[in-house]
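# Architecture and fold: a report
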Amino acid sequence: MREEMPYGTEEGEGEEVGFPNITHKRLVVVGYALTSKKTKSFLQPKLEGLARNKGILFVAIDLNRPLSDQGPFDIVLHKLSGKEWRQILEDYRQTHPEVTVLDPPDAIQHLHNRQSMLQAVADMNLSDSYGKVGVPRQLVVKRDASSIPDAVANSGLTLPIVAKPLVNDGSAKSHELSLAFDRYSLQKLEPPLVLQEFVNHGGVLFKVYIVGEAIKVVRRFSLPDVSKRELSKTAGVYRFPRVSCAAASADDADLDPGIAGEFSCLGIGFLPLHLDKLCIVTVFSNIKLVFHC
Ligand SMILES: Nc1ncnc2c1ncn2[C@@H]1O[C@H](COP(=O)(O)OP(=O)(O)OP(=O)(O)O)[C@@H](O)[C@H]1O
Ligand SMILES: O=P(O)(O)O[C@H]1[C@H](O)[C@@H](O)[C@H](OP(=O)(O)O)[C@@H](OP(=O)(O)O)[C@H]1O
């Protein structure tokens, strides 16, 4: 039996929100399976309060019990990876076609890998979408750090090089970023990696969050430009745990007018679905259409 309980029909926040127009509608039950890191950042009391007021109830999925024994759920919301979890979800989708799984494993698989995530953008060939939209030139190195200097030279990628873990599984480690300034230092990087050319972009980027028809854009401070002079004077690998995080808000920052019209997509994530881009954001509609999972 699904729960039925009164809840408010007007927007509100937090737990103190009253129930101005009490109605009896069926609750929407959302089972969630998230890492503890994600539960902390995503399932904030404010969100839970707002959801409750809209008749949405979040219920933690117990990973130690069969999914089918839990619920009933209207929606299963997850951000876990791994073969075993994928199989559990696929089986559940077969046996519970009435439940919406956000997102189905097949729809998000390519977003776990930084190579395949950007290939989708490159394939769009957005050469004239209110400006030019592309991805940084990149190279994948799966093993053998000693091969990196030659691989970079052969591919024609220019220094400095941004190195990112190939797999993005949502762990803190998978968000670590390195910047290598000279050829010798490249062998200090730790594959499997995606190596990208550093794109000068004026030190500010846009993050675009998309949920259905709703789009929210924020500006974030980013890595500063690297001039030729600076490159010639700098050596080594510099590691950055988190660049352009929420604390680096740059909503009031000016943009470098010199880079308008050139867009580089850096990555695509989900929950919330978002795109990172360098430079100006006049290409929303194209991106929105393509990345609905
Ligand atoms: N090719 C690049 N050229 C210049 N700066 C870059 C490049 N790639 C990444 N950066 C900088 O590094 C930051 C992190 O890169 P990226 O967005 O790929 O990592 P991430 O772990 O997916 O981050 P998040 O999940 O927060 O978006 C970017 O916000 C940007 O400041
Ligand atoms: O706070 P913003 O700027 O939106 O950055 C997010 C990243 O873009 C997401 O990729 C992070 O989620 P994952 O760590 O699950 O990839 C997400 O991790 P979090 O939910 O644990 O905070 C954030 O770091």
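The structure presented is a predicted model; accordingly, all values stated were derived computationally and were not measured. (Residues numbered from 1 in each chain as written. Chains lettered and ligands numbered in written order. Predicted model: local features only at pLDDT ≥ 70, side-chain atom pairs only at ≥ 80, totals over all residues. Heavy atoms only, no water.)

### Focus: the sheet that holds strand S11 (residues 193-197)
Backbone hydrogen bonds are what pair the strands of a sheet, in a parallel or an antiparallel way. In space, the 5 strands of this open sheet follow the order S8-S11-S9-S10-S14, with antiparallel pairing throughout. Each edge of the open sheet is held by one strand with a lone partner, namely strand S8 (138-141) and strand S14 (237-240). Recorded for the sheet is a direction-independent mean angle of 25 degrees between the axes of neighbouring strands. Here 4 bridges tie S8 to S11, and the two strands are oriented antiparallel to one another. In the sheet register, Val140 faces S11, and the bridge partner there is Val194. Those strands touched by helix H5 (residues 114-124) are S8, strand S9 (161-165) and S11, and its axis lies near 155 degrees from that of S8. Helix-sheet contacts for helix H6 (residues 148-155) involve S8, S9 and S11, and the interaxial angle to S8 is about 150 degrees. (Pairing = 2+ DSSP bridges. Helix = DSSP H or I, 4+ residues; strand = E, 2+ residues; numbered from the N terminus. Axes fitted to C-alpha atoms, helices over the stretch in contact; angles between N-to-C directions. Contact = heavy atoms within 4.5 Å.)

### Looking at the pairing of strand S12 (residues 204-211)
Burial analysis of S12 places 7 of its 8 residues in the buried class, the great majority of the element. Note that S12 and strand S13 (residues 214-221) share 8 bridges and pair antiparallel. Directly across from Lys207, in S13, lies its bridge partner Val218. (Buried < 20%, exposed > 50% of the residue type's maximum accessible area, 1.4 Å probe, protein only.)

### Points about the packing of aromatic side chains
Scanning all chains against the criterion turns up 2 aromatic pairs. Aromatic pair Tyr32 and Phe58: ring centres 6.4 Å apart, planes at 70 degrees, arrangement edge-to-face. Here the residue Tyr32 occupies a position in strand S3 (residues 28-34), and Phe58 occupies one in strand S4 (residues 56-60), the gap between them amounting to 26 residues. Look at Tyr32 and you get buried, because its relative accessible area is 14%. Centroid distance Phe181 to Tyr238: 5.4 Å. Interplanar angle 85 degrees. Geometry classified as edge-to-face. Of this pair, Phe181 sits in the loop between strand S10 (177-180) and S11 while Tyr238 sits in strand S14; the two residues are 57 residues apart in sequence, bridging distant segments of the chain. Owing to a relative accessible area of 8%, Phe181 belongs among the buried residues under this scheme. (Phe/Tyr/Trp six-rings, centres within 6.5 Å; stacked < 30°, edge-to-face > 60°.)

### Focus on the domain arrangement of the chain
According to the domain assignment, the chain consists of domain 1 (5-102) and domain 2 (112-291). Interface area for domain 1 against domain 2, summed over the two sides, is near 610 Å², with a carbon-plus-sulfur share of 66%. There are 0 salt bridges connecting domain 1 and domain 2. Taken together, the connections running from domain 1 to domain 2 amount to 1 residue pair in polar contact (both at pLDDT 80 or more). Elements with a minimum of two residues in the side of domain 1 that touches domain 2: helix H1 (36-42) and strand S5 (75-79). Taken together, the residues that form the side of domain 1 that touches domain 2 break down as 3 nonpolar, 2 polar and 3 charged. (Domains from an automatic or database assignment. Buried area = accessible area lost by both parts, 1.4 Å probe. Salt bridge = Lys/Arg side-chain N within 4 Å of Asp/Glu carboxyl O. Polar contact = N/O pair within 3.5 Å; in protein donor to acceptor, adjacent residues only side chain to side chain. Nonpolar A, V, L, I, M, F, W, Y, C, P; charged D, E, K, R; others polar.)

### Looking at the environment of Ser185
Tracing the chain through its elements places Ser185 in the loop between S10 and S11. According to the relative accessible area criterion, Ser185 is buried, its value standing at 2%. A sequence separation of 50 residues divides Ser185 from Ala235, and the C-alpha atoms of the two residues are 7.4 Å apart. With residues up to four places along the chain from it excluded, the contact list for Ser185 reads Gly236 and Val237.

### Examining the pattern of salt bridges
For the structure on display, the rule yields 6 salt bridges. Residue Glu197 pairs with Arg137 through a salt bridge whose shortest N-O separation is 3.0 Å. Separated by 60 residues along the polypeptide, Glu197 in strand S11 and Arg137 in the loop between strand S7 (132-134) and S8 bring together distant segments of the chain. Taking the relative accessible area as the measure of exposure, Glu197 reaches 16% and is therefore buried. When its relative accessible area of 42% is taken as the criterion, Arg137 is described as partly exposed. Where Arg183 meets Asp150, a salt bridge forms, and the shortest distance between an N and an O atom there is 3.0 Å. Highlighted residues: Arg183 in the loop between S10 and S11 and Asp150 in helix H6, separated in sequence by 33 residues. Under the relative-accessibility criterion, Arg183 is labelled partly exposed at 42%.

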